[in-house]
Amino acid sequence: MDSINILHQEKVLAQRRRNRIILWLRLCSGIKEIIEKPWKGISILLLCAGFVFLWNIRDTLIPFHSNIPLLSTIWGYLTAVFILLLFLMLLVGLLFLLGTPSKAKEFKGKLMEIGLYSRYGHAPSLISCKRIKETDVSVMSFYSLGVGMERWKNQRIEIQDVLDIHFVEPIKYGGRNGRNRNIIVITSSPGAETHREDVLYDDEI
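Summary of the structure given here. (Residues numbered from 1 in each chain as written. Predicted model: local features only at pLDDT ≥ 70, side-chain atom pairs only at ≥ 80, totals over all residues. Heavy atoms only, no water.)

1. A few points about the overall build of the protein chain
Short version of the rule: Only runs of H or I of at least four residues qualify as helices and only runs of E of at least two qualify as strands under DSSP, and these elements are numbered from the N terminus. The globule rule used for comparison is 2.2 Å times the number of residues to the exponent 0.38, while the radius of gyration itself is calculated over C-alpha atoms. Here the term buried applies to any residue with accessible area under 20% of the maximum for its type, exposed to any over 50%, and partly exposed to those in between, with areas from a 1.4 Å probe on protein chains only. Contacts were defined at the residue level, with two residues in contact if any of their heavy atoms lie within 4.5 Å. Working definition of accessibility: Shrake-Rupley area with a 1.4 Å probe, residue cover restricted to the visible protein chains. The sign given to each residue is positive for Lys and Arg and negative for Asp and Glu; His and the chain ends receive no count. One atom stands in for each charge, and that atom is NZ of Lys, CZ of Arg, CG of Asp or CD of Glu.
Helix and strand content of the protein chain: six helices and five strands. Element order for the protein chain, N to C, with α for helix and β for strand: α-α-α-α-β-β-α-α-β-β-β. In terms of overall size, the protein chain is more extended than a compact globule, its C-alpha atoms giving a radius of gyration of 24 Å where 205 residues would be expected to give roughly 17 Å. Expressed along its principal axes, the backbone C-alpha trace of the protein chain runs to roughly 95 × 55 × 40 Å. When the 205 residues of the protein chain are sorted by exposure, 30% land in the buried category. Across the protein chain, contacts joining residues at least 24 apart in sequence account for 59% of those joining residues at least 6 apart. Entry remark: accessible area of the protein chain is about 14500 Å², with carbon and sulfur atoms responsible for 61%. Side chains of the protein chain carry 26 positive and 20 negative charges; the gap between the two charge centres is 14 Å.

This is the structure we're talking about:
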């Protein structure tokens, strides 16, 4: 019974660590998205403008006014802290949304279908997807702790089939200088690979 509890605790701790790392990676990806595509920063600017507005009128937002100076001061501090925390939570949430690829959930489910997951049942999570300009080639980075490079290579065909892509470059590690073994990067184009467009045979012959 104790061994079962220990395994459960290990799984819970692993899930929490994984969630924290994915959150951090997607926040970083969200910041990069704003730098590379400034128009996406409009939502951040609107949020900052809303924060400045609320901060300037925070004295009018105090829910209770008292003749006791100490209570008024406490309520003033609580209101200020609430506005600040609300702003930080919304900022983190917005950056997380901007840094989460649209197909992240879909790809995770598809990789689960072909058995590409860790011993705790975690499939690789898509943390960024960048399209190379003027091409149909995309560079996708996956957080793949527990699913090593060898398994990606062994299931190469299955991965291409289930994600409906074909690799245009070898699978490689990501991170700074490509040295992070927990980040797997694939460079691919949509659909199956085609070598020629002319008709190879005639069905009527």
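2. Quick notes on the packing of helix H2 (residues 42–56) against helix H3 (residues 69–99)
Using the following cut-off: Helix axes use the C-alpha atoms of the stretch in contact, all axes being lines fitted to C-alpha atoms, and the angles between their N-to-C directions lie in the range 0 to 180 degrees. Roughly parallel here means an angle under 35 degrees, roughly antiparallel means over 145, roughly perpendicular means 65 to 115, and every remaining angle is called oblique. Here the term charged refers only to Asp, Glu, Lys and Arg, the term nonpolar to Ala, Val, Leu, Ile, Met, Phe, Trp, Tyr, Cys and Pro, and the term polar to all other amino acids, Gly among them.
Following both chains from N to C, one finds H2 and H3 inclined at 175°, their axes separated by 10 Å at the closest point. One finds that H2 runs roughly antiparallel with respect to H3. Contact residues: Ser43, Ile44, Leu47, Cys48, Phe51, Leu54 and Trp55 in H2; Ala80, Ile83, Leu84, Phe87, Leu90, Leu91, Leu94, Leu95 and Leu98 in H3. A class-by-class count of the residues in the contact of H2 with H3 yields 15 nonpolar, one polar and no charged.

3. Here's the deal with the nonpolar core
Formally: To qualify as a nonpolar core, a set must consist of buried Ala, Val, Leu, Ile, Met, Phe, Trp, Tyr and Cys residues joined through side-chain atoms within 4.5 Å.
Core analysis: the biggest nonpolar cluster contains 20 residues, and Leu111, Phe142, Trp152, Ile159 and Ile186 have the highest contact counts within it. Of all the elements in the fold, those that place two or more residues in this core are helix H4 (104–113), strand S2 (138–143), helix H5 (149–154), helix H6 (156–163), strand S3 (165–167) and strand S5 (180–190). Excluding its chain neighbours within four sequence positions, the residues that come into contact with Phe142 are Phe107, Leu111, Pro124, Ser125, Leu126, Ile127, Trp152, Asn182, Ile183, Ile184 and Ile186. Counting five residues, the second largest nonpolar core, distinct from the first, contains Ile22, Ile127, Ile183 and Val185.

4. Re the pairing of S2
Sheet faces and side chains relate simply in a regular strand, where the side chains alternate between the two faces. Counted only if it meets this: DSSP calls a pair of strands paired once it identifies at least 2 bridges connecting them.
S2 sits mainly inside the fold: five of its six residues count as buried. In the sheet, strand S1 (residues 125–131) pairs with S2 via six bridges, with the strands oriented antiparallel. Along S2, the bridge assignment pairs Cys129 with Met140. In this antiparallel pair of consecutive strands, S1 and S2, the connection spans six residues, and Glu134 shows a positive phi of 60°.

5. Some remarks on the pattern of salt bridges
The condition is simple: The term salt bridge refers to a pairing of a side-chain nitrogen on Lys or Arg with a carboxyl oxygen on Asp or Glu at a separation within 4 Å.
A full pass over the atoms with the stated rule returns five salt bridges. Across the pair Lys130 and Glu36 runs a salt bridge whose closest N-O atoms are separated by 3.2 Å. Taken as a pair, Lys130 in strand S1 and Glu36 in helix H1 (residues 2–36) lie far apart in primary sequence, 94 residues in all. Lys130 gets classed as partly exposed once you look at its relative accessible area, which sits at 33%. Each of the salt bridges in this network shares a partner with another, and the network as a whole consists of Glu33, Lys37 and Lys40.

6. Comments concerning the environment of Ile132
Following the sequence through the fold, Ile132 ends up in the loop between S1 and S2. Residues Ile132 and Thr187, spaced 55 residues apart in sequence, show a C-alpha to C-alpha distance of 9.8 Å. Excluding residues that lie within four positions of it along the chain, Ile132 makes contacts with Val137 and Val139.

7. Observations regarding the packing of aromatic side chains
Heads up, the condition is: Each Phe, Tyr or Trp ring (for Trp, its six-membered ring) is paired with any other whose centre lies within 6.5 Å, and the angle between the two planes then decides the class: stacked below 30 degrees, edge-to-face above 60, tilted in between.
Applying the stated criterion across every chain yields a total of three aromatic pairs. On the numbers, 5.8 Å between centres and 35° between planes, the contact of Phe51 with Trp55 is tilted. In this pair, Phe51 and Trp55 are both assigned in helix H2, four residues apart and thus about one turn of the helix distant. A relative accessible area of 29% means that Trp55 is categorised as partly exposed. Arranged with centres 5.2 Å apart and planes meeting at 55°, the rings of Phe142 and Trp152 form a pair that is tilted.

8. Let's talk about the packing of H4 against H6
Formally: Left-handed describes a crossing whose near helix is turned anticlockwise from the far helix by less than a right angle; the clockwise case is right-handed.
Running from amino to carboxyl end, H4 crosses H6 at an angle of 135°, the nearest separation of the two axes being 10 Å. It follows from the interaxial angle that H4 and H6 lie oblique. Every pair of crossing elements has a handedness; the one defined by H4 and H6 is right-handed. In this structure, H4 contributes Phe107, Lys110, Leu111 and Glu113 to the contact, and H6 contributes Ile159, Val162 and Leu163.

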